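Here's the letter readout for the chains.
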Amino acid sequence: MNASRPPARAPLMSLADAMTDLLGRVEALDAIETVATFDADRRVLAQDLVSALQVPPNDNSSMDGYAVRVADVTEPGKVLRVSQRIAAGHAGSPLEPGTCARIFTGAPMPAGADAVVMQEDTIEVGGDIHAVHIQAVPEAGQWVRRAGEDVTRGAVVLAQGERLSPASLGLAASLGLAHLPVRARPRVALFSTGDELVMPGEVPPEAMKPGAIYNSNRFFLRTLLQRMGCEVSDLGIVPDRREATLAALKSAAEHHDLILTSGGVSVGEEDHIKPSVQQLGSLDLWQIGMKPGKPFAYGTVRRESGKGAACHFIGLPGNPVSSFVTFLLLVRPFLLKLQGVSAAGLLALPPATLLPAHFTVARADKRREFLRVRRNAMGGLDLFPNQSSGVLTSAVWGDGLVDNPAGTTIAHGDPVSYISFADLLA
Ligand code: AMP
Ligand code: MG
């Protein structure tokens, strides 16, 4: 054996394998709560919603116009007397044969009427008797919205495991539901690690000590967690010391479902997160073959009280772009599964679009790379010039990521896989 040659390093786990592994370790939280429908956006439904009624409840007009019996209008130009007026929210009476009813959008159809003629296709007849010329021969069912055409009675309108959207809240409300059963919010403890970190507002820029930087990760991580429906305990900055790290992890594990940290999870002596998690629980996943984002870690921290399962732990890299990208690609689906989301599509990377690269990547990287890019007016993608994992400007300038496979160069015009931040933040 050649002693001077360093030992061959095992290849890093692929992102796809890491995602499968990570999602295999998380189950939906049991707790369910009832929230006002108004407050349920992005929450995950805990039970199927079965409709107790049909929507709409009656046949009604989809136009402002005149409700008629088709049999009374056999040719264009028929004149019908207007025998009643029905506005939305009011029930009419059965339609007298040979007459029509003035009707407005959303008003229930009177019994006997089987079509609506829109007012643009009529001419009012002057004189004492209120009557209209019907200019076009209507078809049966024309401009009529059928009872139950949106929702039938007994239908599962929204299934458990669905993440509620503004439209689904409206649909739930159309069934008369003012409250909805949803999964509890994940309780997440957030820590930033690093002795160099200073909170904005605490020290003005001109008074920053050499080597100090402002804590930026804390701001986007807290916001991302909140957007994902988490109840966040932001526990501030943990100094780069073993005892402090152990104490922070131990106490956070008691009352949270997930501990999320940034920084301190690399291989340096000041990186205390990994050995601390190993000491307090287990470290099950560490380092992924992706760029940025290699120093990603997953593990669990035991609860001293012994209550319930161990607390999930995710350690994100300290570099801001690495932290941001690994949150979007890994933590987001993890949190969705923790909240009981069932759609497989949401538990994977959003679908990519193939778009032409208006840039080049001359040197292939060993890792699968996520480049910060922006769509341009020509339908192509521009690359942010500095792809360093410390340059957060790239994530603000960019509107998405190019998912570039390991070992792949990109020539100008090559089709590349683009994933928008909008999809990753949805
Ligand atoms: P680490 O993973 O702790 O070695 O950190 C990697 C790099 O990210 C270092 O340059 C840190 O200063 C920086 N970093 C770590 N945490 C943060 C944070 N919360 N905000 C901004 N930069 C950070
Ligand atoms: Mg650090």
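Describe the overall build of the protein chain, listing the residues and the values that go with them.
The secondary structure content of the protein chain amounts to 8 helices and 26 strands. Taking 2.2 N^0.38 as the reference for a compact globule, 426 residues should give roughly 22 Å; the C-alpha atoms of the protein chain span a radius of gyration of 31 Å, well beyond that estimate. If you line up the protein chain on its principal axes, its C-alpha atoms span 105 × 55 × 50 Å. The proportion of buried residues among the 426 residues of the protein chain is 46%. Across the protein chain, the fraction of contacts at a sequence separation of at least 24, relative to all contacts at a separation of at least 6, is 70%. Total accessible area computed for the protein chain in this model is approximately 20500 Å², and 53% of it derives from carbon and sulfur atoms. Averaging the positions of the 39 positive and the 44 negative side-chain charges in the protein chain gives two centres separated by 7 Å.

I'd like a description of the sheet that holds strand S4 (residues 65-68), backed by residues and values.
Strand order in the open sheet formed by 6 strands is S7-S4-S6-S5-S9-S8, with mixed pairing between adjacent strands. Either end of the sheet is taken by a strand with one partner, and the two such strands are strand S7 (115-118) and strand S8 (122-125). Across this sheet, the average inter-strand angle for adjacent strands is 40 degrees, counted without regard to direction. Sheet topology note: the S4/strand S6 (residues 99-103) ladder contains 3 bridges and is antiparallel. Directly across from glycine 65, in S6, lies its bridge partner isoleucine 103.

Give me the state of the cysteines: which residues, what numbers.
In this structure the tally under the stated criterion is 0 disulfides. Unpaired in this structure, cysteine 311 has its nearest cysteine sulfur neighbour in cysteine 230, at a distance of 12 Å.

Which residues make up helix H1 (residues 15-24), and what values go with them?
Note on helix geometry: an α-helix contains 3.6 residues per turn, so any two residues three or four positions apart are oriented the same way. All of the buried residues along H1 are Leu15, Ala18, Met19, Leu22 and Leu23. Along the long axis of H1, the arc covered by the buried residues comes to 120 degrees, so they all point the same way. Within H1, the exposed residues directed more than 90 degrees away from the buried face are Thr20 and Gly24. Turning to H1, the residues buried within the fold contact strand S18 (281-286), strand S19 (290-291), strand S20 (297-301), helix H6 (320-338) and strand S23 (368-375).

Which residues make up the side chain of threonine 99, and what values do they have?
Relative to the assigned elements, threonine 99 resides in strand S6. A polar contact of 2.7 Å, which involves the side chain of threonine 99, links it to the side chain of serine 83. Of note is the side chain of threonine 99, whose polar atom sits 2.8 Å from the backbone oxygen of glutamate 96. With residues up to four places along the chain from it excluded, the contact list for threonine 99 reads Asp72, Leu80, Arg81 and Ser83.

I'd love a proper account of a negative patch on the surface, names of residues and values included.
On the surface, a cluster of negative charge is made up of Asp195, Glu196, Glu269 and Glu270. Under the relative-accessibility criterion, aspartate 195 is labelled exposed at 51%.

Break down the site of ligand 1 for me, citing the residues and quoting the values.
Around ligand 1, 15 residues are found, and the nearest of them are Glu196, Asn215, Ser216, Gly264 and Gly318. Asparagine 215 is positioned such that a nitrogen or oxygen atom in its side chain is 2.8 Å from a nitrogen atom of ligand 1. A distance of 3.1 Å is found between a nitrogen atom of ligand 1 and a backbone nitrogen or oxygen belonging to serine 216. Against a free-state accessible area of 490 Å², the protein chains account for coverage of 77% of ligand 1. When the residues that make up the shell around ligand 1 are grouped by side-chain class, the tally is 4 nonpolar, 9 polar and 2 charged.

Give a description of unusual backbone geometry that names residues and reports values.
For the bond running from valine 55 to proline 56, omega is -10 degrees, close enough to zero to count as cis. Put simply, lysine 291 and proline 292 share a cis peptide bond, and its omega is -5 degrees. Structurally, the position occupied by proline 292 is in the loop between S19 and S20. Residues other than glycine seldom take positive phi values, yet glutamine 287 does so here, at roughly 75 degrees.

Conventions we followed
Residues numbered from 1 in each chain as written. Chains lettered and ligands numbered in written order. Predicted model: local features only at pLDDT ≥ 70, side-chain atom pairs only at ≥ 80, totals over all residues. Heavy atoms only, no water. Helix = DSSP H or I, 4+ residues; strand = E, 2+ residues; numbered from the N terminus. Rg over C-alpha atoms; globule rule 2.2 N^0.38 Å. Buried < 20%, exposed > 50% of the residue type's maximum accessible area, 1.4 Å probe, protein only. Contact = heavy atoms within 4.5 Å. Areas by Shrake-Rupley, 256 points an atom, 1.4 Å probe, with all protein chains shown as cover. Lys, Arg positive; Asp, Glu negative; His and termini not counted. Charge placed at Lys NZ, Arg CZ, Asp CG, Glu CD. Pairing = 2+ DSSP bridges. Axes fitted to C-alpha atoms, helices over the stretch in contact; angles between N-to-C directions. Disulfide = S-S within 2.5 Å. Arc of directions from axis to C-beta. Polar contact = N/O pair within 3.5 Å; in protein donor to acceptor, adjacent residues only side chain to side chain. Patch = residues over 30% accessible without salt bridge, like charges linked within 9 Å, V, L, I, M, F, W, Y side chains within 5 Å. Salt bridge = Lys/Arg side-chain N within 4 Å of Asp/Glu carboxyl O. Near = heavy atom within 4 Å. Nonpolar A, V, L, I, M, F, W, Y, C, P; charged D, E, K, R; others polar.

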